[in-house]
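Each chain is listed here by its residues.
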Amino acid sequence: MDIFAAKIPGRPLLSFEFFPPKTPIGEVRFWEALTLLARFRPDFISVTYGAGGGDRANTGRLVCAVQERLNLTAMPHLTCIGEERTNLESLLDHYEQQDITHIMALRGDRPPGSPPEALARGAFDSAAALTAFIRKRHPRLRIGVACYPEVHPEAASREADLAYYRRKIEAGADFAITQFFYDNTAYTRFVDDTHAHGVTAPVIPGIMPVTDFKQIQRFSALCGAELPEWLVTQFEKVKEDPVATLEIGVAVAVAQCRDLLDRGAPGLHFFTLNRAEAVGRILDALHLAPA
Ligand SMILES: Cc1cc2nc3c(=O)[nH]c(=O)nc-3n(C[C@H](O)[C@H](O)[C@H](O)COP(=O)(O)OP(=O)(O)OC[C@H]3O[C@@H](n4cnc5c(N)ncnc54)[C@H](O)[C@@H]3O)c2cc1C
């Protein structure tokens, strides 16, 4: 099964990213949000792995439960930093046995304060190496990788980042999902540059609706995503008003998604942060609920 071949005809690919909750109440909210968003019949949902200190064991449990309970394609993320080969092998074998068809292959971030050598402590030190390993051992799995329209903070240069992205695709990745961004010209430029490098794998833009501007400032400081001046100005004006922030956040995301689709983006991948309201309103405004 391939998500692009199986998607709802005439609609852009639609996907939602969740993180594994850490508490029982978080788990209730996870299922509530997912159930509310299921009415959009996403082409897949994905569940992060270890991001922000999340419990890694929960990723596998949740993706299998999502496929079984909601009959949706669920894609686990998998990071290789600090992971032994045997752990990766048993997890991947388990996923194939559980009819998982897609996997997001990532390196992951070094724990804060750890030295660069920490990357070498696992079996693989990069997403390219992990991708090659998965492709060889599980030829039927479809593999997604991350990409960075505004360049990964560790990249030596924009050109080096692009060249390395090409290596990930050549190692066997089928598609890419971007880091979040708010300047759509960065997306177009990245896609044009990949084409110039002879790489044509679909690049799905990652959309991060703003519902809490302080939180987005923290995330962008960590991952290097730019916050354009026009965006900062709008949200600074309403920083004490969560209702107005949500309204502006929805309007900004609707405009961003419309423009991305006009620019030819093959789909939209929403970082939901396990909440349904903003994403649901954005998709309603875009008329992306299936008939
Ligand atoms: C859509 C998406 C989902 C994510 N999900 C998770 C998750 O579930 N869990 C989690 O912990 N993190 C997640 N992340 C964050 C990700 O782990 C970090 O961005 C991490 O710093 C890099 O991971 P990567 O797979 O892009 O690494 P890589 O692609 O291996 O490398 C990152 C960058 O380092 C440089 N680089 C690495 N190796 C080389 C090389 N050999 N030569 C030249 N340059 C090199 C390149 O600039 C490259 O873009 C996600 C990110 C995105 C965009």
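Everything that follows concerns the structure shown earlier in this document.
What this report covers is the structure whose coordinates are included nearby. (Residues numbered from 1 in each chain as written. Predicted model: local features only at pLDDT ≥ 70, side-chain atom pairs only at ≥ 80, totals over all residues. Heavy atoms only, no water.)

### Quick look at the side chain of H138
Using the following cut-off: Strands are runs of DSSP state E lasting at least two residues, helices are runs of H or I lasting at least four, and both sets are numbered from the N terminus onward. Each residue's exposure class comes from its accessible area (1.4 Å probe, protein chains only) as a fraction of the maximum for that residue type: buried when under 20%, exposed when over 50%, partly exposed otherwise. In protein, a polar contact requires one atom able to donate a hydrogen and another able to accept it; more generally it is a pair of N or O atoms within 3.5 Å, and residues adjacent in sequence count only if both atoms are side-chain atoms. Contacts are residue-level and defined by heavy atoms, with any inter-residue pair within 4.5 Å sufficient.
Position of H138 relative to the elements: it lies in the loop between α5 (127-137) and β5 (142-147). According to the relative accessible area criterion, H138 is buried, its value standing at 3%. A polar side-chain atom of H138 sits 3.4 Å from a polar atom in the side chain of D93. Those residues in contact with H138, other than ones at most four positions away along the chain, are L92, D93 and E96.

### Observations regarding the nonpolar core
The condition that has to hold: Here, the term nonpolar core denotes a set of buried Ala, Val, Leu, Ile, Met, Phe, Trp, Tyr and Cys residues that are joined through side-chain atoms within 4.5 Å.
Ranked by size, the top nonpolar core spans 64 residues in total, and within it F16, I45, I134, Y165 and F270 carry the most contacts. Of the residues forming this core, the biggest block, six residues, is contributed by helix α10 (residues 242-262). Not counting chain neighbours up to four residues away, the residues in contact with F16 comprise L37, F40, P42, F44, I45, S46, H269, F270, T272, V279 and L283. Judged by nonpolar contacts, the second largest core, of 18 residues, contains Y182, V210, F235 and I248.

### Points about the site of the ligand
Cut-off, in case you're wondering: Put simply, a residue is near a molecule or strand once any heavy atom of it comes within 4 Å of that molecule or strand. Only the protein chains shown count as cover for residues, and all accessible areas are computed by the Shrake-Rupley method using a 1.4 Å probe.
Surveying the vicinity of the ligand reveals 23 residues, the closest of which are D109, Y148, D161, Y164 and K168. Taking Y49, its main chain carries an N or O atom lying 2.8 Å from a nitrogen atom of the ligand. The side chain of Y164 places a nitrogen or oxygen atom 2.6 Å from an oxygen atom of the ligand. Its free accessible area being 970 Å², the ligand has 84% of it covered by the protein chains.

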